[in-house]
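Close look at the chain arrangement
Chain by chain, the residues:
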There are 2 protein chains.
Amino acid sequence: MSPAPTPTLPGSPQRPPNGPEIADWVRQRIRTGRFVPGQRLVEVDIIRQTGASRSKVREALKRLEGEGLVQIEEFRGASVRSSTLDEVRQIYRARMALEGMAAHDFTLGASSALLDRLKALQDQLDASVRERAPDRFGRLNNEWHRLIVEGSGNRVIADHLQRLNVPIHRLLFESFYDEERLKTANADHQHMLGLILAGDAEGAERAMRRHIADGFETLARIESEFYS
Amino acid sequence: MSPAPTPTLPGSPQRPPNGPEIADWVRQRIRTGRFVPGQRLVEVDIIRQTGASRSKVREALKRLEGEGLVQIEEFRGASVRSSTLDEVRQIYRARMALEGMAAHDFTLGASSALLDRLKALQDQLDASVRERAPDRFGRLNNEWHRLIVEGSGNRVIADHLQRLNVPIHRLLFESFYDEERLKTANADHQHMLGLILAGDAEGAERAMRRHIADGFETLARIESEFYS
DNA sequence: GCTGACGATATTGTTGACAATTTCGTCGAT
DNA sequence: ATCGACGAAATTGTCAACAATATCGTCAGC
């Protein structure tokens, strides 16, 4: 995982006056893969790119360290924390636990409005499968999972899951370029939707766990091929 | 929950030259209840008490904000984040998910050395119950849970649980002053130990979940009495 | 060619001063 | 006595300069 400890790149100033929040700016770049794991986050570069002052950048990096996204070493500065394959396994295990619980609670407590949104999302997912659009499927898939989690009424679980997902954000999309995996995943979703509508909370939880475990299996297969 | 938004207290300088880590210093004071929820964390006070410089303190507070322990408002500074009873409920729900998973994985993967330590800990817990020592039971109980979590081989889950537990750290001890609860909790532990030794991972997971759910029930009862 | 010492550069750590904002006490009008 | 305006004090936000450390290229010696 994260094979390339890439060097820092210089950049041109682009955000002119105001900076809504440096931490958000960095976080998003990590999520979208513009900052890759292992990459050093040199303060001056971020200053050049955001126009923020030094102390702002430093505090933002400290904050991100608190979130577990960034690693700071004395006199060596900040870098994007990289995960080993084993850590990704652990993350998926934690996701199984938390998203399973979220699916359980969603089933018991979701309003009909939420259920409608979920059904609508499922229709869109089905369409993206028919049209063989893995990229769109990936986005909708994210929305689907987030809807379950946010709709479970447990903000604490939602927050921890969001943190958990950042290091694997990019990976979540890559699996779906395998058509077989895409179909299987969508079938899982349809099955879960049925269980949720039927009010089978424990069934939905088990299904969610299996679904996530399968996701990791696929991922691990892809990664191991990548390294062989 | 967290009824008293206490004022800030002045203090005398006590840590003379070196500060191992301001964030740790604050975190521990929050855990042990010396800083209570809602309390403002005035930079100058922390400076006086730790001897650290301003930027150090500010960065530490930013870091703790990232950890979710502290809340920072523009021009109003940092304060210990306080939890509503509903948020505590959500925390317990997350604990059920994660510690349940940890118990599962512990059962499957624990070395015999770890099992021995767990059995020894159980003996001490039994003794503290016989001797009606709720305070000691609380400490040993913490160790017991931590042993399961750390022994599960999942650092990610362990980290998230540690964060999860900070806001409820003090509450974890209060339940055991009820003798009935203490006995019930210890019986749970004995039962779980049996399941673990028998290799029944899913049984251990279910038992852990129930155990934690019961813990919240007791807590909620205590808190609601406190407010009636 | 390789190794290790040395120095220039780059990067991070630390400190202090100043600006912006809130907080709190004071005082006068009603 | 209550309310609101006003101003001083307290607190936080921001910035720039300087110190400490690491990084990297250079070069002498073998």
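The text that follows walks through the structure, step by step, so that each part is easy to find.

Rules and cut-offs
Residues numbered from 1 in each chain as written. Chains lettered and ligands numbered in written order. Predicted model: local features only at pLDDT ≥ 70, side-chain atom pairs only at ≥ 80, totals over all residues. Heavy atoms only, no water. Axes fitted to C-alpha atoms, helices over the stretch in contact; angles between N-to-C directions. Helix = DSSP H or I, 4+ residues; strand = E, 2+ residues; numbered from the N terminus. Parallel < 35°, antiparallel > 145°, perpendicular 65-115°, else oblique. Left-handed = near helix turned anticlockwise from the far one by under 90°. Contact = heavy atoms within 4.5 Å. Nonpolar A, V, L, I, M, F, W, Y, C, P; charged D, E, K, R; others polar. Least-squares fit on C-alpha atoms with pLDDT ≥ 70 in both. Buried < 20%, exposed > 50% of the residue type's maximum accessible area, 1.4 Å probe, protein only. Near = heavy atom within 4 Å. Polar contact = N/O pair within 3.5 Å; in protein donor to acceptor, adjacent residues only side chain to side chain. Pairing = 2+ DSSP bridges. Expected span 1.5 Å × (residues − 1). Buried area = accessible area lost by both parts, 1.4 Å probe. Salt bridge = Lys/Arg side-chain N within 4 Å of Asp/Glu carboxyl O.

**What about the packing of helix 7 (residues 155-165) of chain A against helix 7 (residues 155-165) of chain B?**
With their axes 12 Å apart at the nearest point, helix 7 of chain A and helix 7 of chain B run at an angle of 140° to one another. By the angle class used here, helix 7 of chain A and helix 7 of chain B are oblique. Here helix 7 of chain A and helix 7 of chain B pass one another in a crossing that is right-handed. In contact with V156(A), H160(A), R163(A) and L164(A) of helix 7 of chain A, helix 7 of chain B contributes V156(B), H160(B), R163(B) and L164(B). Residue composition of the contact of helix 7 of chain A with helix 7 of chain B, by class: 4 nonpolar, 2 polar and 2 charged.

**A closer look at the relation of the copies chain B and chain A**
Take chain B, turn it by 180°, move it 0.0 Å along the axis, and it overlays chain A with an RMSD of 0.1 Å. Taken together, these values place the two copies in the relation of a two-fold axis. With an isologous cut-off of 70% or more, the 100% of interface residues of chain B that recur at the interface of chain A puts this contact in the isologous class.

**Considering unusual backbone geometry**
A positive phi angle is found at F75(A), which is not glycine, with a value near 60°. The exposed category is assigned to F75(A), whose relative accessible area is 82%.

**Structural notes on the protein's contact with DNA strand D**
Of all residues adjacent to DNA strand D, which total 16 residues, the nearest are S53(A), K56(A), R76(A), R54(B) and R58(B). The contact atoms of DNA strand D, taken as those within 4 Å of the protein, divide so that sugar and phosphate hold 70%. Here a base nitrogen of DNA strand D and a side-chain polar atom of R54(B) are 2.9 Å apart. Measuring from a phosphate oxygen of DNA strand D, one finds a backbone N or O atom of F75(B) at 3.5 Å. Elements supplying a minimum of two residues to the surface near DNA strand D: helix 3 (54-66) of chain A together with strand 1 (40-41) and helix 3 (54-67) of chain B.

**Points about the protein's contact with DNA strand C**
The local shell around DNA strand C holds 17 residues, among which R54(A), R58(A), S53(B), S55(B) and R76(B) are the closest. Sugar and phosphate atoms constitute 67% of the interface atoms of DNA strand C, taking the interface as everything within 4 Å of the protein. In the environment of DNA strand C, a phosphate oxygen lies 3.1 Å from a nitrogen or oxygen atom belonging to the backbone of E43(A). R76(B) has a polar side-chain atom sitting 2.6 Å from a phosphate oxygen of DNA strand C. Where the surface near DNA strand C is concerned, the elements lending two or more residues are strand 1 (40-41) and helix 3 of chain A together with helix 3 of chain B. A per-element tally of the surface near DNA strand C places helix 3 of chain B first, with 3 residues.

**A short note on the pairing of strand 2 (residues 70-73) of chain A**
Residues and elements named next belong to chain A. Bridging between strand 2 and strand 3 (residues 77-80) involves 4 bridges; their strand directions are antiparallel. In the sheet register, E73 faces strand 3, and the bridge partner there is G77. The hairpin formed by strand 2 and strand 3 contains 3 residues between the paired strands, and F75 there has a positive phi angle of roughly 60°.

**Section: helix 4 (residues 85-109) of chain A**
Residues spaced three or four apart along an α-helix point in a common direction, a consequence of the helix completing one turn every 3.6 residues. For helix 4 of chain A, which comprises 25 residues, the first-to-last C-alpha distance of 35 Å matches the rise-based estimate of 36 Å (1.5 Å per residue) to within 8%. Judged by how many residues are buried, helix 4 of chain A sits mostly within the fold: 20 of 25 residues are covered.

**Looking at the interface of chain B and chain A**
Residue-level contacts link 30 residues of chain B with 30 residues of chain A. Taken together, the two surfaces of chain B and chain A that pack against each other cover about 2700 Å², and 52% of this comes from carbon and sulfur. Where chain B meets chain A, there are 8 salt bridges. Here E59(B) and R58(A) are joined by a salt bridge, their closest N and O atoms 2.8 Å apart. Linking chain B to chain A there are 19 residue pairs in polar contact (both at pLDDT 80 or more).

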